[in-house]
Amino acid sequence: MKGLGVTLGTLFETVTKGANTVQYPHEKEAPPTRARGVIALHEGNCTSCMLCARSCPDWCIYIEGHKELAPPRREGGKPRQVNKLDRFDIDYALCMYCGICVEVCPFDALFWSPEYEYSEPRIADLLHDMSKLGEWMETVPEAPELEAGADKKKK
Amino acid sequence: MISAVQLSAEVLAVEVPYWGQSLLRVLGGIVAVLLPAGTIVYVFLFKMMSFMQSRLGPMEAGPYGSLQLVAEVGKWLQKEDILPTRADARVFKMAPIVVLVSTFLLVAVVPFGPDAWFTNFEAGVFYALAVSSLSVLGILMAGWASANKYSLLGGLRAAGQLIAYELPMVLAVIGVIIQAETMNLQQIVLAQNTGSIFGFDGLGNPYVLTQFVGFIIFMIAVQAELTQAPFDMPIAESELVSGYMTEYSGFRFLIFFIGEFATAGVFALIASVLFLGGWGIPFAWFGWTDIDVVANWMNLVGPVIMITKMMLVAFIIMWVRFSYPRFREDQLQRFAWKVLIPLSLANIAATSIFKVVM
Amino acid sequence: MSITDRVLGDRQRLAYIASQAADARLNVELETEGMTLNIGPQHPATHGTLRIIARLDGEQVVWAEPSCGYMHRGYEKLAEVRTYPQVTTLVNRIDWLGSFANEVPFILAAEKLMDVEAPARAQHIRTILFELSRIANVSLFLGDLGVQMGAITPVFFAFRDREYVLNLIEGATGGRFHPNFDRIGGLKDDLPKGWIAETKAVMKKLRTFCDQIEDLLFGNEIFQSRTRGIGVIPRDVALQYGLSGANLRASGVDWDLRRDHPLPMAWNKADWKVWTHPDGDSFARCWIRLQETREATKIVDQLIDTIPSGPIMAKVPKIIKVPEGEAWVSTENPLGEMGYYVVSRGELGPFRVKIRSASFNNISIAPWVLRGVYVPDIVTVLASLYFILGDIDR
């Protein structure tokens, strides 16, 4: 009998206080700051060291780069060899959203962003190239403050 | 037939020929079956169930999802009509129609107003109970003709369950018949609205008060006849997919679906006629004493009152449906044969004693 | 058109004749015809793609056998060619409802091989997240129990309240279902600000949910009559078949790895109770899980107040090569006992990982316990045993 009371109570609760659900296309819930929505690339930091491509469990990152000679830093010095990034694609159809690439990058070139609405009608469109990954950088939030008792972040 | 002439003469002020009256009756019957079905599906199945589950239900189709039923009908109509190869084609096709036809036959006896009725049988209750058992046949036909082990299991369970719960339903109604001294549904409505409880006639004499045991037994039996939870073993979704309805798709499934809720609506109408006082509000409030004195506007207000009472009863049916898990088949049978039938027999005995004594 | 009119190979013909003969034997003995019911891989009742072949006599089961493997993803083979962080990611997906709990024994085994222990703060938070994943897992079980029995409402309450826990896990780790948060030597990140307060609020909501489920489902007479006395597993049979978790405790065996096997986790820092039940029937199993959920909320409440401060990660090299050796660690996961046997040859990735998953052993008792039950009870018993296909098939 109490079961009937529970359902009736929920009925009144929904009528008076509104349902627990979010009417999705019209209202959207904001995911937490750390939510793993999409990976953004800061091209300037990337040196095509290939660490992310190697550590991805699905091998969904495609990197191509070439070496170039940049002018020397000082007068009379040797030209330096720099890595130039040609292609940096992440295939979101394969990506497992594990975050190993973001974690492993020694130069802070990859960031997580909580954006999640990038579904496409064609699977091929899920291959995000360098420019698109750069666009996602605008949506990357600041790292959240940590709870009391945590060690200061050493970066 | 006489009353339809009266109805048309007094309300519409025009003489309608016999074929016109029959047409009106047919249209009225279709509306009387489909309108409750649609309303119950929308209000209770879509909205109330969702609210009880802390969600909003369909909101996209039409304002607050009111056109969802239209969308559903459209969806079912455009689906492919699948006929399993090994199925018995004729029986397979006839089964849903048998189920729906029994609902239409059932609504023919329900009175909607002092003159707004389709038929006025002297043995109305008897006819109603007999016709309501026709749907069992349709379910068995569906289960057998589907050539599917799941459907067969569902059909057999349904047959056992529905036949078992016919008896409590009939016996519960006998108490009402004893009190009203008639099997004519229109007279039962009158008896409730003109009667009085221990001399107090402000409420009339709705049999839900004096026959509350019968009412509860009737509601439980109706729940089982409609194969709603907690008695929905035949359609036990988590085991048998859809039971006897598994192989049906498209229009045929739509007929089953509408049939289920139409039958719920019609049973709710019959429950409100038998127990809640039907289309009337206590006549004492207006000073009427007999059917001939009842005002004509009652013919228009009567259906509205009927729909309200039907919604009340349907609310109870649906509320219980969404709250309880389901019985196992043998527990179900045990409940019917060992608990409900003795209880209803006791009810009849008590009613007859009271009737004779008082 | 009879079934033998189709074109069949010889083998199939023989198999068909054999099954007919089996049915005929039944026929002769009991003068009824047995029916073979395939509660097939696509079915609303089984928690995924499990196939149960049941031979019925009327409504009673004469013989039943689970046929698993429809979801085999080759975890152990995959683990041979992945590094330790990559295996951690994959392993999340074995028991996908309580996924943090899958990472923990694996990481603990690797830490055992490396002879490194996570700092106290990391151990504490690991335990909290472990218990949160237990709550997420079992609260879905409680809702799903309703659906199996026919009550459609509790599952919505379960999903509604489980959302809070998933939001918590997302706030800390970034992933709702697959946190991928445990690392060898500690955790990936520390907790964000406000998480502790939020967790306390969510635990209160979950206790309300447990009370609601108790009223709506467990207190219901129909539910009780459907689960009491159904699928009784006696104590020694449970031990023989290797059941674990709530299934074992429902048969009266007082066995909980959190208490009995000391591991570098924080369970001994909270005061909690191990629930057992003497009956061993379906009701006992369901009831114990309800109580365990409540107990888990209490554990989280106690631990969340006493998180020690300090580093979240021990001093481990950036590129981890686990030294040679073999290690076995098992923990009391939401589904039962889950263990990993990690064989390492000193490389970046394990040489071989053997995964002992709880549901595989839990489902092995199905032939024994399903004999003689009615068809509706098959669903009851399987629901109360609670397995997840990813866990069975890996």
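None of the values given here were measured: they were computed from a predicted structure. (Residues numbered from 1 in each chain as written. Chains lettered and ligands numbered in written order. Predicted model: local features only at pLDDT ≥ 70, side-chain atom pairs only at ≥ 80, totals over all residues.)

Focus on the sheet that holds strand β8 (residues 352–356) of chain C
Residues and elements named next belong to chain C. How we decide: Two strands form a pair only when DSSP identifies at least two bridges running between them. By the criteria applied, helices consist of DSSP H or I runs no shorter than four residues and strands consist of E runs no shorter than two, each listed in order from the N terminus. All axes are obtained by fitting lines to C-alpha atoms, using only the stretch in contact for helices, and the reported angles, taken between N-to-C directions, cover 0 to 180 degrees. Whether two residues are in contact depends on their C-beta atoms, placed from the backbone: they are in contact if these lie within 7 Å.
Taken in spatial order, the 3 strands make up an open sheet running β6-β7-β8, and their pairing is antiparallel. Looking at the sheet topology across the chains shown, the edges are occupied by β6 (325–333) and β8. Taken over all neighbouring pairs, the strand axes of this sheet differ in orientation by 10 degrees on average, direction set aside. Docked against the sheet, helix α4 (residues 100–114) engages β6 and β7 (336–344), running at close to 150 degrees with respect to β6.

Overview of the pairing of strand β3 (residues 80–91) of chain A
Residues and elements named next belong to chain A. Across 10 bridges, the pairing between strand β2 (residues 61–70) and β3 is antiparallel. Each residue of the ladder has a partner; that of Gly 65, found in β3, is Leu 85. Pairing geometry for β3 and strand β5 (residues 127–128), over 2 bridges, is antiparallel. Across the sheet, residue Asp 91 finds its bridge partner in β5, namely Leu 127.

Observations concerning the environment of Thr 182 of chain B
All names here are of chain B. Filter applied, for reference: We call a residue exposed when 12 or fewer other C-beta atoms sit within 10 Å of its C-beta, buried when the count reaches 20 or more, and partly exposed for counts in between; the C-beta positions come from the backbone.
Secondary-structure assignment places Thr 182 in the loop between α7 (149–180) and α8 (185–194). With 17 C-beta atoms counted inside 10 Å, the residue Thr 182 sits in the partly exposed group. In the structure, Thr 182 is positioned 28 residues away from Gly 154 in sequence and 38 Å away in space, judged by C-alpha atoms.

Some words on the nonpolar core
Our working rule: In this usage, the nonpolar core is the set of buried Ala, Val, Leu, Ile, Met, Phe, Trp, Tyr and Cys residues whose C-beta atoms join them within 7 Å. Boundaries of every domain are those given by an automatic assignment or by a domain database.
Ranked by size, the top nonpolar core spans 210 residues in total, and within it Phe 218, Ala 221 and Ala 271 of chain B together with Ala 110 and Ile 378 of chain C carry the most contacts. Two domains each provide a minimum of three residues to this core, namely domain 1 (3–67) and domain 2 (75–393) of chain C. Not counting chain neighbours up to four residues away, the residues in contact with Ala 110 of chain C comprise Tyr 84, Ile 184, Val 322 and Val 342 of chain C. Core analysis: the second largest hydrophobic core is formed by 20 residues, Ile 61, Ile 100, Ala 109 and Leu 110 of chain A among them.

As for the interface of chain C and chain A
Note the cut-off: Under the scheme applied here, ten amino acids are nonpolar (Ala, Val, Leu, Ile, Met, Phe, Trp, Tyr, Cys and Pro), four are charged (Asp, Glu, Lys and Arg), and all others, including Gly, are polar.
With 32 residues of chain C at the contact, the number on the chain A side is 27 residues. Elements supplying a minimum of two residues to the side of chain C that touches chain A: α3 (84–91), α6 (154–173) and α7 (195–218) of chain C. Looking at the side of chain C that touches chain A element by element, the count peaks at 5 residues for α7 of chain C. Its residues assigned to classes, the side of chain C that touches chain A shows 10 nonpolar, 14 polar and 8 charged.

Structural notes on the sheet that holds β5 of chain A
Within a sheet, neighbouring strands are paired by backbone hydrogen bonds and run either parallel or antiparallel to one another. Sheet architecture is open: 3 strands sit in the order β2-β3-β5 (chain A), paired in antiparallel fashion. Both edges of this open sheet fall to β2 and β5 of chain A, since each of them pairs with a single strand only.

As for helix α10 (residues 212–225) of chain B
Residues and elements named next belong to chain B. Stated precisely, the cut-off is as follows: One fewer than the residue count of a helix, multiplied by 1.5 Å, yields its expected span.
When the terminal C-alpha atoms of α10 are compared, their 19 Å separation across 14 residues agrees well with the 20 Å that a helix rising 1.5 Å per residue should span. In terms of burial, α10 is largely enclosed, as 11 of its 14 residues are buried. Here α10 has its buried residues at Gly 214, Phe 215, Ile 217, Phe 218, Met 219, Ile 220, Ala 221, Val 222, Gln 223, Ala 224 and Glu 225. At the exit of α10 stands Thr 227, carrying a positive phi of roughly 50 degrees.

Remarks on the packing of helix α4 (residues 89–107) of chain B against helix α12 (residues 250–275) of chain B
All names here are of chain B. Put simply, the rule is: Relative orientations are named as follows: roughly parallel for angles under 35 degrees, roughly antiparallel for angles over 145 degrees, roughly perpendicular for angles from 65 to 115 degrees, and oblique for any other angle. In this scheme, a crossing is called left-handed if the near helix is turned counterclockwise away from the far one by less than a right angle; it is called right-handed if the turn is clockwise.
Two numbers describe how α4 lies on α12: the axes approach to 9 Å, and their chain directions differ by 25 degrees. With respect to α12, the axis of α4 lies roughly parallel. In this structure, α4 meets α12 at a crossing whose hand is left-handed. Contacts from Pro 96, Ile 97, Val 99, Leu 100, Thr 103, Leu 106 and Val 107 in α4 reach Arg 252, Ile 255, Phe 256, Gly 259, Ala 262, Thr 263 and Val 266 in α12. Here the contact of α4 with α12 is composed, by residue class, of 10 nonpolar, 3 polar and 1 charged.

A short note on the domain arrangement of chain C
Residue and element names in this part refer to chain C. Partitioning chain C into domains gives domain 1 (3–67) and domain 2 (75–393). Every contact between the two is made by 16 residues of domain 1 and, on the other side, 16 residues of domain 2. The set of elements that each furnish at least two residues to the side of domain 1 that touches domain 2 consists of β2 (51–57) and β3 (60–67). By residue number, the principal contributor to the side of domain 1 that touches domain 2 is β3, which donates 5 residues.

Focus on unusual backbone geometry
All names here are of chain A. Its identity is not glycine, yet Tyr 97 carries a phi of approximately 60 degrees, on the positive side. Relative to the elements of secondary structure, Tyr 97 occurs in the loop between β3 and α3 (100–104). Residues other than glycine seldom take positive phi values, yet Asp 108 does so here, at roughly 55 degrees. With respect to the helices and strands, the residue Asp 108 is situated in the loop between α3 and β4 (110–113). According to the C-beta neighbour criterion, Asp 108 is exposed, with 11 such atoms within 10 Å.

Digging into helix α15 (residues 375–385) of chain C
All names here are of chain C. With 11 of 11 residues buried, α15 is to be regarded as a mostly interior element. Within the sequence span of α15, burial applies to Val 375, Pro 376, Asp 377, Ile 378, Val 379, Thr 380, Val 381, Leu 382, Ala 383, Ser 384 and Leu 385. Phi for Tyr 386, located one or two positions after α15, is positive at around 55 degrees.

Things to note about the environment of Trp 195 of chain C
Of note, Trp 195 of chain C is situated in helix α7. Judged by C-beta crowding, with 20 C-beta atoms within 10 Å, Trp 195 of chain C ranks as buried. Distance from Trp 195 of chain C to Trp 287 of chain C, taken between C-alpha atoms, is 30 Å for residues 92 residues apart in sequence. Excluding anything up to four places from it in sequence, Trp 195 of chain C contacts Glu 147 of chain A together with Gly 171 and Ala 172 of chain C.

Quick look at the confidence of the model for chain C
All names here are of chain C. Going by this rule: Scored from 0 to 100, pLDDT reflects the predictor's confidence in each residue.
Looking at chain C, pLDDT values average 83 and 89% of them are 70 or higher. Scored below 50 in pLDDT, residues 1–8 shows 2 contacts in the model against residues more than four places distant or in partner chains. Residue range residues 24–32 is modelled with pLDDT below 50. Its contacts to residues more than four positions away, or to other chains, number 7 contacts. The complex prediction reports pTM at 0.82, with the ipTM value standing at 0.81.

Brief notes about the packing of α6 of chain C against α7 of chain C
Each packed pair of helices is defined by two parameters, the angle between the axes and the distance between the axes. Residue and element names in this part refer to chain C. Here α6 crosses α7 at 165 degrees, and the two axes come no closer than 10 Å. For the element pair α6 / α7, the angle class is roughly antiparallel. In this structure, α6 crosses over α7, and the sense of that crossing is left-handed. In this structure, α6 contributes Pro 154, Phe 157, Asp 161, Tyr 164, Val 165, Leu 168, Gly 171 and Ala 172 to the contact, and α7 contributes Trp 195, Glu 198, Thr 199, Val 202, Lys 205, Leu 206, Phe 209, Gln 212, Ile 213, Leu 216 and Leu 217. Among the residues forming the contact of α6 with α7, the class breakdown is 13 nonpolar, 3 polar and 3 charged.

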